[in-house]
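An overview of the molecular structure
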Amino acid sequence: MKRRSKGYRYYVLLLLTLVYAFNFIDRQILGILAPYIQADLGLDDGQIGLLAGFFFALFYTIVGIPIALLADRFNRVNIVAVSLAVWSGFTAVSGMATNYLQLALARAGVGIGEAGGSPPSHSMISDLFSKEERGTALGIYSLGIPLGIMAAYFASAALLGQPNLDWRTVFIAVGIPGVVLAVVLRLTVREPKRGAMDVTDKAVPQASLGKSIGQLLSVPSWWGMCFGISFSSFGAYALGAFVIIYLGRTFPEVPLPRVLVIFGILNGIAYAGGTFIGGIVADWWGRKTKAGYAWAPAVALLIGAPALILAFWVQSFAMAMTLTAIYLFLSGFYLGPSFSIAQTLAPIRVRAMSTALFFFILNLVALGGGPTYVGWVSTLLTEAHGAEQALRLSMTSLAVPYAIGIIAFIWTGTRLPKDWERTQARNAGLDLTG
């Protein structure tokens with residue numbers, strides 16, 4: 001069996017990472033621009049939470065499963081390229097919105113496009129890298145999250161610092177380059193052979209959708225990693241939607257463009273560093289015991305989550321940024337291991353579906369719930385506590401979903417070695433029962 005060269009494999013990986021970065025540029029930009037949008041359109045925290053959470057996640061989750069079904073049967077490169085062009089186009093259209101309804105519809109369009117990004121990409125990466133390399137490979141791919149967020153902060157700071165430019169210009173400016181990248185992807189990447197890193201001398205059998213989903217949902221560790229990343233990301237998405245609003249209310253003496261630059265640096269260094277190192281640590285720990293893929297995120301969040309909660313109660317801007325940097329670094333540890341396990345525990349022919357189901361739950365719980373919940377609670381408490389304290393209390397309550405996420409990762413560590421062995425035997429054509 002002919003395998004792609006190492007150089008080509010890493011070219012595809014880096015290009016898909018860049019695509020993922022555009023995914024998070026277009027996803028994060030709303031939270032960054034939220035103070036400007038609130039001032040222009042007169043929106044409260046609850047409305048911003050719906051834009052960043054529910055409206056986006058609803059269409060993302062609805063469309064994700066059908067797209068994954070196509071990705072497990074048809075050309076994945078084409079699907080990712082078209083999806084990138086769609087979500088980037090709707091990001092640019094967001095800059096043309098003149099009222100809340102128009103902006104909500106545009107964000108729904110972004111969600112529809114982004115649903116076709118990660119599941120096919122994860123599937124392709126798993127056909128280019130062996131199961132022992134996937135934690136690192138998907139850790140590199142996950143760098144698209146912090147790098148995309150960093151780029152969104154830097155672009156916003158640079159454009160909003162120019163005279164006669166407003167938040168609408170930023171949406172248009174970050175959306176158009178994604179369409180160009182979609183063309184590059186389509187012209188330079190070839191569809192990988194399915195199962196190339198798992199089987200060597202026979203074709204991968206076509207499994208029925210019902211049977212494949214049944215196999216996935218019968219693996220306890222798949223559920224454990226899914227709930228671990230979902231409840232951990234609940235807080236991460238809420239933070240992304242409201243941190244700039246919170247800092248503007250709590251530290252009004254710090255110019256907003258400066259805050260944007262600082263957060264861009266923190267994401268580019270702390271979050272990106274944690275994401276990359278987290279994948280390496282998980283693969284290292286996983287060579288000793290497969291439970292390490294779950295325990296690495298648990299240990300990291302046991303330190304990182306309290307640091308984040310404390311950041312909302314300190315009175316020093318510098319201390320708040322220091323604590324946030326600690327959180328961002330350690331929160332990156334769960335991305336690569338979670339995505340790696342979602343692929344490794346999946347039947348070969350339904351890896352895109354595995355990621356889509358993963359993201360279906362992740363985005364319903366985290367993306368749909370986090371920003372929406374924090375915005376709703378903040379609005380509910382504003383009359384009694386004031387806007388600043390209401391948002392602080394709302395963000396502090398995120399300690400509960402973080403605790404659930406940590407418990408889920410710890411529990412998964414007790415199940416993962418056995419589930420890993422059974423899954424690898426199944427993918428090799430064996431039958432381990434019991």
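These numbers were taken from a predicted model, which means no experiment stands behind them.

Turning to the overall build of the protein chain, a few remarks are in order. For the protein chain, the count of helices and strands is 19 helices and zero strands. Since a compact globule built from 434 residues should have a radius of gyration of about 22 Å, the 21 Å found for the protein chain is in line with a globular shape. Over its C-alpha atoms, taken along the principal directions, the protein chain stretches across nearly 65 × 45 × 35 Å. Here the analysis covers contacts within the protein chain between residues at least 6 apart in sequence; of these, 86% occur between residues at least 24 apart. Carbon and sulfur atoms make up 70% of the accessible area of the protein chain, which amounts to about 15,800 Å² in all. Where the 30 positive side-chain charges of the protein chain centre and where its 20 negative ones centre are 11 Å apart.

This part is about empty space enclosed by the protein. In the structure shown here, the tally under the stated rule is three cavities of 30 Å³ or more. Quantified by volume, the largest cavity comes out at close to 400 Å³. At the level of secondary structure, the elements contributing two or more residues to the lining of the largest cavity comprise helix H1 (6-41), helix H2 (45-52), helix H8 (144-160), helix H11 (220-250), helix H12 (256-288), helix H14 (317-331), helix H15 (335-344) and helix H16 (351-367). Among the elements that line the lining of the largest cavity, the one with the most residues is H11, at eight residues. By residue class, the composition of the lining of the largest cavity is 25 nonpolar, six polar and two charged.

By size, the foremost hydrophobic cluster in this structure holds 131 residues, and its most contacted members are Leu185, Trp222 and Leu247. Look past the residues within four positions of Leu247 in its chain and what remains in contact with it is Pro252, Val259, Phe263, Phe317 and Met321.

Okay, the pattern of salt bridges next. Here the structure, examined in full by the defined rule, presents eight salt bridges. When the shortest N-O distance is used, the salt bridge between Asp45 and Arg249 registers 2.8 Å. Placement of the pair is Asp45 in helix H2 and Arg249 in helix H11, with a sequence separation of 204 residues. Exposure remark for Asp45: the relative accessible area of 5% places this residue in the buried category. We note a salt bridge from Asp127 to Arg76, for which the minimum N-O separation is 2.8 Å. Of this pair, Asp127 sits in the loop between helix H6 (118-126) and helix H7 (134-142) while Arg76 sits in helix H4 (residues 76-94); the two residues are 51 residues apart in sequence, bridging distant segments of the chain. A single burial state applies to Asp127 and to Arg76, both of which are buried.

With 93% of its residues at a pLDDT of at least 70, the protein chain reaches an overall mean of 86. Considering only residues more than four positions removed or in separate chains, one finds that residues 200-204, a stretch of pLDDT under 50, has nine contacts. Segment residues 430-434 is flagged for pLDDT under 50; beyond a separation of four residues in sequence, or across chains, it makes six contacts in the model.

The axes of two packed helices give the description: the angle between them and the distance between them. The N-to-C vectors of H4 and helix H9 (residues 167-188) enclose an angle of 165°; their axes lie 7 Å apart at closest approach. The orientation of H4 with respect to H9, classified from their angle, is roughly antiparallel. H9 is crossed by H4, and the crossing has left-handed handedness. The residues of H9 that touch H4, namely those facing Val77, Asn78, Val80, Ala81, Leu84, Ala85, Ser88, Gly89, Thr91, Ala92 and Ser94, are Trp167, Phe171, Ile172, Val174, Gly175, Gly178, Val179, Leu181, Ala182, Leu185 and Arg186. In terms of residue class, the contact of H4 with H9 is built from 14 nonpolar, seven polar and one charged.

What follows is about a nonpolar patch on the surface. On the surface, a cluster of nonpolar side chains totalling about 580 Å² of accessible area is made up of Val82, Val86, Phe90, Val93, Met96, Ile172 and Ile176. Looking at the nonpolar patch, the elements with two or more residues in it are H4 and H9. Examining the composition of the nonpolar patch, we find that four residues originate from one element, H4, more than from any other. Of note, Val86 is situated in helix H4. Look at Val86 and you get partly exposed, because its relative accessible area is 31%.

Along its 15 residues, helix H5 (residues 100-114) runs 21 Å from first to last C-alpha, staying within 8% of the 21 Å computed at 1.5 Å per residue. Listed in full, the buried residues belonging to H5 are Leu103, Ala104, Ala106, Arg107, Ala108, Gly109, Val110, Gly111, Gly113 and Glu114. Its buried side turned inward, H5 meets H1, H2, helix H3 (54-71), H4, H6 and H9. Where H5 begins, one side-chain oxygen reaches toward the backbone nitrogen of Leu101, 3.2 Å away; that side chain belongs to Asn99.

Once that is clear, we can look at the side chain of Thr324. By the element assignment, Thr324 lies in helix H14. With relative accessibility at 5%, the residue Thr324 sits in the buried group. Aside from chain neighbours lying at most four places away, what touches Thr324 is Phe263 and Ala311.

Bringing H3 into the picture now. With 18 residues, H3 should cover 26 Å at 1.5 Å per step; its first-to-last C-alpha distance of 25 Å lies within 8% of that length. Most pronounced at Gly64, the bend in H3 amounts to some 35°, and the proline Pro66 follows within four residues. Every buried residue of H3 is accounted for by Phe56, Ala57, Tyr60, Thr61, Val63, Gly64, Ile67, Ala68 and Ala71.

Rules used in this analysis
- Going along each chain's sequence as written, the residues are numbered from 1 onward.
- A pLDDT threshold of at least 70 governs which residues receive local features in this predicted model, and a stricter bar of 80 or more applies before side-chain atom pairs are shown or counted, although totals over entire chains, interfaces and linings include all residues.
- Only hydrogens and water are removed before side-chain values are computed, so all heavy atoms of the structure are retained for them.
- Each helix corresponds to a stretch of at least 4 residues labelled H or I by DSSP, and each strand to a stretch of at least 2 residues labelled E; elements are numbered beginning at the N terminus.
- All radius of gyration figures rest on C-alpha atoms, and the globule criterion is 2.2 Å times the number of residues raised to 0.38.
- When checking whether two residues touch, look at their non-hydrogen atoms; a contact exists if any pair is within 4.5 Å.
- Method for areas: the Shrake-Rupley scheme with a 1.4 Å probe, in which residue coverage is limited to the protein chains shown.
- Residues scored as charged are limited to Lys and Arg (positive) and Asp and Glu (negative), so that His and the chain ends carry no count.
- The location of each charge is read from NZ of Lys, CZ of Arg, CG of Asp or CD of Glu.
- Cavity and pocket criteria rest on a 1 Å grid covering protein atoms alone: a 1.4 Å probe that fits but cannot get out defines a cavity, protein on both sides within 12 Å along at least 5 of 7 lines defines an open pocket, and an atom within 4 Å of a point defines a lining residue.
- Grid points are joined across faces, edges and corners, and a volume is the space filled by probe spheres set on the points.
- Polar here means any residue outside two lists: the nonpolar Ala, Val, Leu, Ile, Met, Phe, Trp, Tyr, Cys and Pro, and the charged Asp, Glu, Lys and Arg; Gly therefore counts as polar.
- Buried Ala, Val, Leu, Ile, Met, Phe, Trp, Tyr and Cys residues form a nonpolar core when they are joined through side-chain atoms within 4.5 Å.
- Working definition: with a 1.4 Å probe on protein chains only, accessible area under 20% of the residue-type maximum means buried, over 50% means exposed, and in between means partly exposed.
- Salt bridges, as used here, are contacts in which a Lys or Arg side-chain nitrogen is within 4 Å of a carboxyl oxygen on Asp or Glu.
- How sure the predictor is of each residue is captured by pLDDT, a score from 0 to 100.
- Fitted lines through C-alpha atoms give the axes, limited to the stretch in contact for helices. The angle between two N-to-C directions lies from 0 to 180 degrees.
- Convention used here: angles under 35 degrees read as roughly parallel, angles over 145 as roughly antiparallel, angles from 65 to 115 as roughly perpendicular, and any remaining angle as oblique.
- Two helices cross in a left-handed way if the nearer one is turned anticlockwise from the farther one by less than a right angle. They cross in a right-handed way if the turn is clockwise.
- Any residue with relative accessible area above 30% and no salt bridge may belong to a patch, with like charges joined within 9 Å and the nonpolar Val, Leu, Ile, Met, Phe, Trp and Tyr side chains within 5 Å.
- A helix is expected to span 1.5 Å multiplied by its residue count minus one.
- Any pair of nitrogen or oxygen atoms within 3.5 Å is treated as a polar contact; in protein, a donor-acceptor pairing is required on top of that, and neighbouring residues in sequence qualify only through side-chain atoms on both sides.
- By definition, a residue's bend is the angle between the axes fitted to the seven residues ending there and the seven starting there.

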